[in-house]
Amino acid sequence: MNRKISHYNKKQAAKPGCLNLRFWNVLCCFFLLLVCPRYGVTADSWPEFRGPGAQGISAATNVPVSWSATSNIAWKVAVPGKGWSSPVLADGQIYLTTACPIEGSNDVSLRVICLSASDGGTLWNVEAIHPYASVLTPGHMKNSQASPTPIIRGGRIFAHFGHMGTACLTLDGKVVWRQQEVKYSPLHGNGGSPLLVDSELVFNCDGLTNPFVAALDAGTGNVKWKTPRDTQAKNKFSFSTPLLVERENSKQVVSAGSGFVAGYDPADGRELWRFRYGNGYSVVPRPVLSGDLLFVSSGFDSPVLYAIRIEHASGDITSKNAAWKYAKQAPNTPSMLVAGRELYFVSDAGIASCLDSQTGAVHWSERLEGNFSASPIYAEGRIYFQNEAGAGFVIKAGTRFELISKNDLGERSLASYAVADDHLFIRTVNHLWAIKN
């Protein structure tokens, strides 16, 4: 461990007036009591990428702390096809998307699979989109044709496959609508997941050229609006997922792309404000919000973590709204996490860090084993990180680093966790695992 960091930790921990971890655990639970009813979810629901509220915070209890490929496994099932979308969960059922090759052709079938959360049994497996051959693109070793995570809301599941199309299904597998008219030229395929705001299904379309943000009517699939990015970044492509920001009398979609992050009016797509970060591109992490501070990472080649004040933001806020920034070991791929006052993140190369979210002061920075793509989650005073080799690291939340356990499944994993009472659900390259104490 870096000696300077260790010395700094001791000084930080000794500061008078620092609130203890128990207080922040209570605060996180209070936050979830507010968020869960708003989103119509419970501790046994994980309805979208990063869960209820889209921040990686779980209200579940008795979440497993230790496991391996042979211990604390409730069940393990093979998943057909290929996909790096994360599992979502509602009413005792798990939903996954996958891309299955069609025998005798170069086509693929983009599918939604529904599994029983109790035993992993397949309840249905339905084709959502059969993409036109002309839109199939070469992939990337860290991507797939089924990387965006679906959304469950109001008895519907919305499955997004980037430029190849989007579909809405009932929870018993009947296709309500398909939309394949929103086209763009991606690089490395698709990555960002959609966001549902009232009746608008919003997603980023940051391809090789002419990037834009789009919204579909959630009831019909019709295009409601498309807003050009108008970015000056040299490379236009990115893979981020939008975030809903709610205020007392307003809502906005916060979307990060190449060159800047911006807020949009969900009703018509009008850009409300923007914060520029130069030529940052291939932005993947979903923005994270804590109070008035928005946390974003600027993407390749040298990611910088920005804390941005967005209360009453309007126009170009680059020069006046940066609260602080941090350029060491910021993530290119995993999203960040705020629990209490602390901001947690892990770099792609495996350096996990904890910063004071209000000031950017470093509490600790420690190397974990392996490379990382999955986004962390918080549950019961613990932070869970998952590396690309399938090993999960459980760390005690707080301003001092304390590794609780390392848990190896021994199979490649890029997808993020889904969490429920007593369970973690983890997707690996060939399987879906249910971890249970």
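Residues numbered from 1 in each chain as written. Predicted model: local features only at pLDDT ≥ 70, side-chain atom pairs only at ≥ 80, totals over all residues. Heavy atoms only, no water.

Considerations on the overall build of the protein
What counts here: We count a stretch as a helix when DSSP gives it H or I for four or more residues in a row; a strand needs E for two or more, and each element gets its number in order from the N terminus. We call two residues contacting when some pair of their heavy atoms lies within 4.5 Å.
Within the protein one finds 2 helices and 33 strands. Relative to all contacts within the protein whose residues are 6 or more apart in sequence, the contacts with residues 24 or more apart total 54%.

A look at the sheet that holds strand β30 (residues 403-408)
Condition: Strand pairing follows a simple DSSP-based rule, namely that at least 2 bridges must link the two strands. Angles run from 0 to 180 degrees between N-to-C directions of axes, and those axes are lines fitted to C-alpha atoms, restricted for helices to the stretch in contact.
Ordered in space as β27-β28-β29-β30, the 4 strands form an open sheet in which the pairing is antiparallel. What marks the edges here is a single partner per strand, and that holds for β27 (377-379) and β30. Put simply, the sheet's adjacent strands are angled 20 degrees from each other on average, direction ignored. Two elements, strand β29 (residues 391-396) and β30, share 5 bridges in a ladder whose sense is antiparallel.

Examining the confidence of the model for the protein
Rules: pLDDT gives the predictor's per-residue confidence on a scale running from 0 to 100.
Counting all residues, the mean pLDDT for the protein is 90, and 88% of those residues have values of 70 or more. Every residue in residues 1-26 scores below 50 in pLDDT, and together they form 24 contacts with partners more than four places removed in sequence or on other chains. Across residues 28-41, confidence stays below pLDDT 50; counting only partners more than four residues off in sequence or on other chains, it has 19 contacts.

Regarding unusual backbone geometry
Of note, the bond from Phe300 into Asp301 is cis; its omega dihedral lies within 30 degrees of zero at 5 degrees. Tracing the backbone shows Asp301 in the loop between β19 (293-297) and β20 (305-309). A positive phi is found at Ser282, a non-glycine position, where the angle reads about 50 degrees. Within the element layout of this structure, Ser282 appears in the loop between β17 (271-276) and β18 (288-290). The backbone of Gln329 sits at a positive phi, close to 60 degrees, despite the residue not being glycine. One can find Gln329 in the loop between β22 (322-326) and β23 (337-339).

Digging into the pattern of salt bridges
Note the threshold: By salt bridge we mean one thing: a side-chain nitrogen of Lys or Arg within 4 Å of a carboxyl oxygen of Asp or Glu. Throughout this description, buried means an accessible area under 20% of the type-specific maximum (1.4 Å probe, protein chains only), exposed means over 50%, and partly exposed covers the range between.
Tallied over the full model, the rule gives 13 salt bridges. Glu48 serves as the salt-bridge partner of Arg153, at 3.9 Å between the closest nitrogen and oxygen. Of the two residues, Arg153 is situated in strand β6 (residues 151-153) and Glu48 in the loop between α2 (21-39) and β1 (73-78); the sequence distance between them amounts to 105 residues. Since its relative accessible area comes to 25%, Arg153 is described here as partly exposed. Asp198 is the partner of Lys251 in a salt bridge, and the nearest nitrogen-oxygen pair spans 2.7 Å.

Some details on the sheet that holds strand β7 (residues 156-160)
Adjacent strands of a sheet pair through backbone hydrogen bonds, lying either parallel or antiparallel. Ordered by their spatial adjacency, 4 strands build an open sheet running β6-β7-β8-β9, and the pairing between neighbours is antiparallel. Looking along the sheet, the strands with just one partner apiece sit at the ends: β6 and β9 (175-179). Neighbour to neighbour, the strand axes of the sheet diverge by 15 degrees on average, direction disregarded. As judged from the 5 bridges shared by β7 and strand β8 (residues 166-170), these two strands associate in the antiparallel manner. The residue bridging Ala159 from the neighbouring strand is Ala167, located in β8.

Considerations on the nonpolar core
Selection rule: Nine residue types can take part in a nonpolar core, namely buried Ala, Val, Leu, Ile, Met, Phe, Trp, Tyr and Cys, and a core is a set of them joined through side-chain atoms within 4.5 Å.
One finds Trp67, Tyr384 and Phe425 to be the most contacted residues of the largest nonpolar core, which totals 29 residues. Elements that contribute at least two residues to this core include exactly β1, β3 (93-101), β4 (108-116), β27, β31 (418-420), β32 (423-427) and β33 (431-436). No other element matches β33, which puts 4 residues into this core. Among residues more than four places away in sequence, those in contact with Trp67 are Asn72, Tyr384, Gly392, Val394, Asn407, Asp408, Leu409, Tyr417, Leu424, Ile426 and Ile435. Formed by 20 residues, the second largest nonpolar core is a distinct cluster that contains Val112, Ile152, Phe161 and Ala167.

Points about the environment of Leu171
With respect to the helices and strands, the residue Leu171 is situated in the loop between β8 and β9. Considered as a pair, Leu171 and Gln93 are 78 residues apart in the sequence and their alpha carbons are 9.0 Å apart. Those residues in contact with Leu171 that sit more than four places away from it in its chain are Gln93, Tyr95, Trp124, Ile152, Gly155, Arg156 and Ile157.

Describing the packing of aromatic side chains
Aromatic ring pairs: the centre-centre distance and the angle between the two ring planes describe each pair. Selection criterion: The pairing test for Phe, Tyr and Trp rings, Trp by its six-membered ring, is centres within 6.5 Å, and the orientation test on the planes gives stacked under 30 degrees, edge-to-face over 60, and tilted for anything in between.
Across all of its chains, the model carries 16 aromatic pairs by this definition. Between Tyr184 and Phe212 the ring centres are 6.1 Å apart and the planes differ by 85 degrees, which places this aromatic pair in the edge-to-face class. Of this pair, Tyr184 sits in the loop between β9 and β10 (195-197) while Phe212 sits in strand β12 (residues 212-217), and the two are 28 residues apart along the sequence. By relative accessible area, which is 14% here, Tyr184 ends up buried. By relative accessible area, which is 8% here, Phe212 ends up buried. When the ring of Phe237 is compared with that of Tyr281, the centres are 5.5 Å apart and the planes differ by 75 degrees; the resulting orientation is edge-to-face. On the criterion of sequence distance, the pair formed by Phe237 in the loop between β13 (223-228) and β14 (243-247) and Tyr281 in the loop between β17 and β18 is long-range, its members being 44 residues apart.

Observations concerning the environment of Ile404
Checked against the element boundaries, Ile404 lands in strand β30. For Ile404, a relative accessible area of 37% gives the class partly exposed. Each C-alpha atom, one on Ile404 and one on Val65, is 7.8 Å from the other, the two residues being 339 residues apart in sequence. Those residues in contact with Ile404 that sit more than four places away from it in its chain are Val65, Arg382, Val394, Ile395 and Lys396.

Some words on the side chain of Ser238
This is how it is decided: In protein, a polar contact requires one atom able to donate a hydrogen and another able to accept it; more generally it is a pair of N or O atoms within 3.5 Å, and residues adjacent in sequence count only if both atoms are side-chain atoms.
Within the secondary structure layout, Ser238 lies in the loop between β13 and β14. A distance of 3.3 Å separates a polar atom in the side chain of Ser238 from the backbone nitrogen of Ser282. Ignoring any residue separated from it by four or fewer positions in sequence, one finds Ser238 in contact with Asp206, Gly257, Ser258, Tyr281, Ser282 and Val283.

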